[in-house]
Every structure is written in structure tokens, then in C-alpha cells.
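# Structural characterization, general
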Amino acid sequence: MSDNLKLAELLFPDITKTPDDMEAQFPPRNLKEGARVTRLAPSPTGFLHFGNLFTGTVAYRTAKTTDGIFYVRVEDTDQKRKIEGAIEVMLGGLEAFGVKADEGVVGENVEKGDYGPYYQSQRKHIYHVFAKDLVSKDLAYPCFCSAEELDEIRAQQENEPQKGYWGKYAKCRTLTLAEIEENIKAGKPWTLRLKSPGNAENKCYIDDMIKGKIEMPENVQDIVLLKSDGIPTYHFAHAVDDHLMRTTHVVRGDEWMSSCPVHLQLFKCLGFKVPKYAHVAPIMKEENGGKRKLSKRKDPEAAVIFYVETGYPKESVNEYIMTLMNSNFEDWRKTNKDASIDAFPFNLKKMSVSGALFDMVKLNDVSKNVISLMNADTVYKYTAEWAKEYNKEFYELLIKDESYSKAILNIDRDTPKPRKDIACWSEVKDYVSYFFDELFENSYEMPENITAPMAEEILKAYMKVYGENDTKDEWFQRMKDLCEPLGYTPNVKEYKKNPEQFKGHVGDVSTVIRVAVTGRRNTPDLYSIMSLLGKEKVMERLDLALKHFSA
Ligand code: GLU
């Protein structure tokens with residue numbers, strides 16, 4: 001037996017399986033030509049960042065547009081950071097916005113699919129098969145350097161361009177089998193390092209789906225593959241898992257870009273085909289004329305839970321994310337107004353290289369548009385679902401009379417130009433408040449040209465003529481008929497020509513009524529509002545306002 005084989009046996013005596021066994025156990029997937037296999041590989045921190053949802057959506061769409069597979073793998077090798085319930089929180093956040101895994105971890109300790117386990121902490125035996133194989137091929141070796149020794153190396157390299165464990169610093173690279181045996185017998189802890197075949201003079205290339213062709217120096221560092229507890233590093237686990245799970249496109253944050261030379265080398269040493277990479281730039285925010293990353297600490301919208309709690313429907317968030325993903329999406333949307341978002345030909349190559357800008361105003365605009373196209377039943381259902389969780393009091397009001405609530409939400413909807421004034425469900429309460437006495441607030445803010453006696457006069461006159469069974473035309477005619485006797489003109493153009501001849505125009509008259517009935521100057525169609533409120537309530541409100549202005 002060669003020394004390498006002996007060393008492999010010494011380090012991994014319990015491993016009897018071979019890489020071939022693994023290949024047989026996790027064979028290439030039987031998918032149609034061109035189908036892409038992608039994944040999201042979160043660490044279970046319990047916090048789902050908007051960036052995770054964004055990258056997850058990119059991975060999800062990449063798979064979905066090719067009838068491929070999207071799976072979730074949990075990267076829980078850092079047991080110190082383990083948090084109870086973290087998986088549920090993260091999967092819940094993804095699912096709330098439609099990023100649903102076909103395979104992998106689909107619930108806390110619930111896995112689906114033939115390529116698992118999908119928790120890295122349960123894959124130790126698999127990593128060790130490949131670790132043993134690398135040792136037997138003289139591509140990996142145990143390192144006994146202590147933390148102090150490694151600190152010392154770092155200090156020595158302070159002024160050197162090439163850092164890390166390599167060349168003359170890689171002390172353990174040249175240990176003999178006898179020396180290693182002795183260390184192991186003495187119970188010295190060891191990590192497993194790659195015996196890097198790289199040369200700093202050489203270049204390596206990646207053709208990133210987002211960033212394009214990139215040239216970097218080859219890796220020369222003997223990076224750690226297994227930590228002293230036998231748990232793999234990210235690099236090693238990435239290579240083994242993405243190979244065995246047959247990932248075709250590794251979609252991940254671009255903080256991993258600089259590790260690509262290590263990864264390319266690892267894939268080569270392991271004899272694996274290199275997957276395609278798509279490195280996603282972080283979501284940025286504008287600040288003081290500059291740009292910075294969307295920050296968990298500074299920006300509430302960095303947390304996916306923010307969108308759930310504020311009540312942004314998944315359709316809106318998806319639509320907005322798509323505008324961030326592909327800048328041609330908005331043009332596509334203009335010509336495909338009713339199409340499902342799934343029909344958009346999402347293209348990795350059209351993603352921003354430097355990072356898309358998050359813009360709350362834009363999100364709200366997109367969401368208002370999306371919600372304006374929903375029917376009243378849908379708006380009711382979503383609002384009730386949200387309120388049940390986040391505003392119990394409003395929920396009770398909303399469900400008290402379902403058909404009344406739906407009728408409210410139907411005003412100015414279902415028309416060729418629906419109103420775009422709801423961006424999220426938490427805004428609905430304020431939007432509909434004057435329909436409920438419990439919420440109605442009579443802040444009687446009148447146009448500047450209308451004094452209290454003028455408002456009083458208009459209200460008095462209107463209360464005499466208000467007809468609850470009027471059609472919309474009749475209703476408006478009454479409003480116009482009020483004008484002249486009171487010194488207003490029913491004709492806005494005429495008013496603009498000779499403002500000094502009138503107290504105001506029909507718009508002022510109707511505003512007085514609007515403010516009296518709703519407490520606001522701006523509302524959807526007043527006729528519909530008054531019809532829904534009914535005579536009793538309308539008269540009560542008019543009367544209340546009259547008292548206010550005559551006081
Ligand atoms: N667990 C890694 C992270 O959260 C995953 C990176 C990857 O997708 O490969 O950054």
C-alpha cells in the first residue's frame with residue numbers, strides 16, 4: 001500500500017464507500033434537455049434578508065423557466081449559530097412570496113427528494129468519502145498547526161502580497177507519514193487541507209452568467225477542507241453538494257466571486273464537472289447621493305418579514321423583484337398587461353452586474369398598480385387575512401358585514417381605469433375608515449375659498465334636496481342645481497374665466513359635501529360612497545358637519 005493510501009486509512013478508518021458509490025447513489029438527474037437545477041442554500045440564522053429572497057427568486061425563476069428543479073439546502077455546518085425555529089421562519093418567508101422548493105428542505109426537519117440529506121450537518125459521511133479519496137490521491141493532507149501558529153504565519157505575511165497557507169508557510173504539507181502517525185497518536189487535533197496544485201503565474205477563467213468572463217490568478221492556498229471536528233468548510237461542501245445534488249447553475253451572492261479560483265480547483269481535483277455560476281450583486285440603497293448595501297441594521301425593508309407585516313401581497317413583491325431582476329421587465333409588462341409573471345422570459349444575462357437599487361416609492365407604485373387590477377373579492381380576502389394576523393380590531397369590523405366591505409372595496413375598481421391608491425393591506429383601514437363610524441374622523445378641512453358660513457349654507461341647501469334613490473346623473477344634477485342660487489357656477493371653465501363673479505364652482509360645492517360625509521377632500525367616487533352609506537348615515541354626517549360649521 002502506498003503512503004497516500006495508508007494515510008487515507010489512518011485518517012478515515014471508518015469510511016468504506018468510494019466516490020463511485022456516491023456517483024451511483026446520486027446519479028445525474030433525468031430531466032429534459034436544457035432543464036436547469038438551482039438551489040438556495042441559506043444558513044439557518046432565522047433572519048430572512050430581502051437579498052435572500054431576491055437571490056432565491058433568481059434561482060427559482062432560473063429553474064422554472066426551463067422546467068427544471070429548484071431545491072433548498074440548509075447550510076448548517078456552523079452549529080454554534082444554530083437557532084431554534086430558524087428554518088420555519090426562513091422557508092415561511094420564501095413561501096410567502098411564492099419561492100417554493102420542489103425538493104430539499106421543505107419544512108423544519110422535513111425533506112423531499114432523492115439527493116439528500118439536504119441538511120449539511122447530516123452529510124458528514126459523504127464529505128468524508130471525498131476527503132479520503134483526495135488524501136489517497138495526494139491532493140489533501142492533515143494539518144496540525146495550532147491557532148497560534150496560524151496567527152504567527154499571518155503576522156509574517158503582513159507585507160506579502162500572497163497570504164494564506166501555501167508554499168514555505170504550509171509546514172504540514174511536507175510531513176512524512178511517520179510524523180503524521182505520531183501526531184495522531186499523541187491526540188493532536190488536525191484539519192484537512194487541500195494540497196493545492198495551483199501556480200500563481202497561471203490564470204483561471206470563469207464565464208459567469210451575470211458578470212461575464214472573468215480572469216483571476218489560480219488558487220495556490222492549501223485551504224481547509226475539513227475543520228478539526230470533521231465538519232467541512234463552505235468551499236468543500238459547496239463542491240461536493242452541488243456536484244452530487246446535480247446543480248447545473250449555482251446562483252449565489254457575489255461575495256463568493258473571489259472564491260471562484262478555489263472552487264474551480266476543487267472541482268478539478270475532485271474530478272467534477274464545473275457548474276455554471278451566476279453571481280448576484282447585492283441589493284443597493286441610495287443614501288446621501290451615494291450607494292450602499294441594503295442593511296439589516298439600518299433598513300426595515302431589508303427583512304422579508306417587513307413585507308409580510310406591512311401587508312404587501314406576494315404578487316406585488318414578485319412584480320417588484322422582477323423589475324429589479326431584469327430591467328426589460330417593465331416594457332414587457334406594458335405589452336403583456338394581463339399575463340402571468342411566469343410568462344416573462346427571465347434572463348440571467350440581463351441582471352445588473354453592480355447591484356439593483358431598492359426604491360420604496362417604486363415598490364409602492366408597482367404594488368398600487370398590481371392591487372388596482374385585483375377584484376374586490378381578492379382585495380377583501382387578502383386584507384382580511386392580513387388584518388386577522390396584524391390588526392384584530394379592524395379585522396372584526398371588516399368581516400362584520402362581508403358584502404358591505406366588498407362593496408366598499410369595489411368602488412372605482414373593475415373599470416378601465418381603476419384607482420391606484422392601495423399599496424399594502426395595512427393601508428386599507430385608513431382608506432375605508434369613513435365607512436365605519438368606529439373609525440370615522442371628522443376633520444373638516446375645506447378649500448381655502450370656503451368659509452364656515454359658506455359651508456353651512458351649502459350643507460343646509462343640500463340636505464333639502466338630497467335624494468337617496470337618485471341615479472348618478474340625477475345626483476350630480478342636484479349638485480349643479482345648488483350652485484347658482486348660492487352664487488356658485490356649475491361651470492368650472494366659466495369660473496376660471498371670471499373668478500371674481502362667483503363664490504366658487506361646482507367642485508367647491510361637491511367638496512363641501514364630500515368633506516362632510518367622509519372627513520376628507522380626496523376620496524373615490526362620492527356618489528358610490530353615499531349610495532353605500534345610505535340615507536340615514538349620510539344625513540347624520542351632513543348634520544354633524546352642519547353643527548360644526550354653524551357653531
Ligand atoms: N450558505 C451560503 C450563504 O448563505 C450559501 C452560498 C451559496 O449559495 O452557495 O451565503
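Structure report, in brief. Computed from a prediction, not measured in an experiment: that's the story for all the values here. Starting afresh in each chain, residues are numbered from 1 along the sequence in its written order. Under the rules for a predicted model, residues below a pLDDT of 70 receive no local features and side-chain atom pairs below 80 are neither given nor counted, while totals for whole chains, interfaces and linings still include all residues. Remark: hydrogens and water are excluded; side-chain values derive from all non-hydrogen atoms of the structure.

## A word on the pattern of salt bridges
One side-chain nitrogen of Lys or Arg within 4 Å of one carboxyl oxygen of Asp or Glu is enough to make a salt bridge. Within this structure, the stated rule accounts for 39 salt bridges. The residue Lys32 makes a salt bridge to Asp67 at a minimum N-O spacing of 2.8 Å. Separated by 35 residues along the polypeptide, Lys32 in the loop between α2 (19-25) and β1 (37-40) and Asp67 in the loop between α3 (50-64) and β2 (69-72) bring together distant segments of the chain. In terms of burial, Lys32 and Asp67 fall into one category: exposed. Lys406 is paired through a salt bridge with Glu402; the nearest N and O atoms lie 2.8 Å apart. Separated by 4 residues within a single helix, Lys406 and Glu402 lie in helix α16 (residues 402-410), roughly one turn from each other. What you see here is one network of salt bridges that share partners, running through Arg39, Arg73, Glu75, Arg123, Asp241 and Asp242. Numbering of helices and strands starts at the N terminus; helices are DSSP runs of H or I of at least 4 residues and strands are runs of E of at least 2. Relative accessible area decides the class of each residue, using a 1.4 Å probe on protein chains only: under 20% of the type maximum gives buried, over 50% gives exposed, and in between gives partly exposed.

## Some thoughts on the sheet that holds strand β12 (residues 284-287)
Strand order in the open sheet made by the 3 strands is β13-β12-β14, with mixed pairing throughout. Of all strands in the sheet, those bounded by a partner on one side alone are β13 (290-293) and β14 (357-358). Note: two strands are recorded as paired if DSSP finds a minimum of 2 bridges between them.

## Points about unusual backbone geometry
Gly116 connects to Pro117 through a cis peptide bond whose omega is 0 degrees. Note on placement: Pro117 falls in the loop between β4 (110-112) and α5 (124-136). You will see that Asn288, though not glycine, has its phi angle at about 45 degrees, which is positive. Residue position: Asn288 is located in the loop between β12 and β13.

## Observations regarding the pairing of strand β11 (residues 276-280)
Summarising burial for β11: 4 of the 5 residues are buried, a large majority. Sheet analysis places strand β10 (residues 249-253) next to β11, joined by 5 bridges and oriented parallel. Its bridge partner lying in β11, Gly253 is registered against Val280.

## A look at empty space enclosed by the protein
Residues are said to line a cavity or pocket when one of their atoms sits within 4 Å of a point; the points come from a 1 Å grid over protein atoms alone, cavities being sets where a 1.4 Å probe fits but cannot get out and pockets being open sets with protein on both sides within 12 Å along at least five of seven lines. Grid points are joined across faces, edges and corners, and a volume is the space filled by probe spheres set on the points. The final tally for this structure, using the stated rule, is 4 cavities of 30 Å³ or more. Here the largest cavity defines a volume of roughly 50 Å³. Around the largest cavity, the lining residues are Phe54, Ile210, His279, Val280, Ala281, Leu324, Met351, Ser352, Gly355 and Ala356. Nonpolar residues are Ala, Val, Leu, Ile, Met, Phe, Trp, Tyr, Cys and Pro. Charged residues are Asp, Glu, Lys and Arg, and all others, Gly as well, are polar. By residue class, the composition of the lining of the largest cavity is 7 nonpolar, 3 polar and no charged. The volume enclosed by the second largest cavity comes to roughly 40 Å³. What lines the second largest cavity is simply Leu409, Ile411, Asp412, Arg413, Arg419, Asp421 and Tyr431.

## Observations regarding the nonpolar core
Counting residues in each nonpolar core, the largest one holds 171 residues, and the members touching the most others are Phe130, Leu192, Phe236, Phe435 and Ile513. Counting residues per element, this core draws most heavily on helix α22 (residues 526-550), at 10 residues. Contacts of Leu192, omitting those with residues within four sequence positions, involve Leu11, Phe12, Ala131, Val135, Ala140, Tyr141, Pro142, Ile223, Val224, Leu225 and Leu226. Remark: nonpolar core denotes a set of buried residues (Ala, Val, Leu, Ile, Met, Phe, Trp, Tyr, Cys) joined through side-chain atoms within 4.5 Å. Contacts between residues were defined by any pair of non-hydrogen atoms, one from each residue, lying within 4.5 Å.

## Concerning the layout of surface pockets
Of the voids in this model, the largest pocket is the one considered here, and its volume is about 1,000 Å³. Surrounding the largest pocket, 35 residues form its lining, Ser43, Asn52, Gly253, Glu255 and Trp256 being those nearest its centre. Sorting the residues of the lining of the largest pocket by element identifies β1, α3 and β10 as the ones contributing at least two each. At 4 residues, the largest contribution of residues to the lining of the largest pocket is made by α3. Taken together, the residues of the lining of the largest pocket sort by class into 15 nonpolar, 9 polar and 11 charged. Computed from the structure, the second largest pocket encloses a volume of approximately 860 Å³. Glu319, Arg333, Asn369, Val370 and Leu373 are the residues nearest the centre of the second largest pocket, which is lined by 28 residues in total. The set of elements that each furnish at least two residues to the lining of the second largest pocket consists of α11 (314-325), α12 (329-335) and α13 (360-372). The element contributing the most residues to the lining of the second largest pocket is α13, with 6 residues. Among the residues forming the lining of the second largest pocket, the class breakdown is 9 nonpolar, 7 polar and 12 charged.

## So, the side chain of Asp470
Tracing the backbone shows Asp470 in the loop between α18 (452-465) and α19 (472-486). Any N or O atom pair separated by 3.5 Å or less is treated as a polar contact, with the protein-specific requirement of one donor-capable and one acceptor-capable atom, and with residues adjacent in sequence counted only for side-chain atom pairs. A polar atom in the side chain of Asp470 sits 2.4 Å from the side chain of Arg478. Setting aside anything within four residues of it in sequence, one finds Asp470 in contact with Trp475, Arg478 and Tyr527.

## Brief notes about the packing of aromatic side chains
Two aromatic rings, taken as a pair, are described by how far apart their centres are and by the angle between their planes. Side-chain rings of Phe, Tyr and Trp, where Trp is taken by its six-membered ring, are said to pair if the distance between their centres is within 6.5 Å; with planes under 30 degrees apart they count as stacked, over 60 as edge-to-face, and otherwise as tilted. Across all of its chains, the model carries 27 aromatic pairs by this definition. Judged by centre distance (6.3 Å) and plane angle (35 degrees), the ring pair of Phe306 and Tyr312 falls under tilted. For the pair Phe306 and Tyr312, one class covers both residues: buried. Considering the side-chain rings of Tyr444 and Phe549, the 5.6 Å spacing of their centres and the 50 degrees angle between planes classify their relative orientation as tilted. Within this pair, whereas Tyr444 is found in the loop between α17 (428-432) and α18, its partner Phe549 is found in helix α22, the two being separated by 105 residues in sequence. Assessed through its relative accessible area of 10%, Phe549 is described here as buried. Taken together through their ring pairs, the aromatic side chains of Phe50, Phe97, Phe306, Tyr307, Tyr312, Tyr320 and Phe358 make up a single cluster. Definition used: whenever NZ (Lys) or CZ (Arg) falls within 6 Å of the ring centre and also within 35 degrees of the ring normal, the charge is taken to sit over that ring. Its end group placed over the ring of Tyr165, Arg193 keeps NZ or CZ at 3.7 Å from the ring centre.

## What about the environment of Lys124?
Here Lys124 shows up in helix α5. Sequence spacing of Lys124 and Leu226 is 102 residues, and the spatial spacing of their C-alpha atoms is 9.8 Å. Once residues within four sequence positions are removed from consideration, Lys124 is found in contact with Asp229, Gly230 and Ile231.

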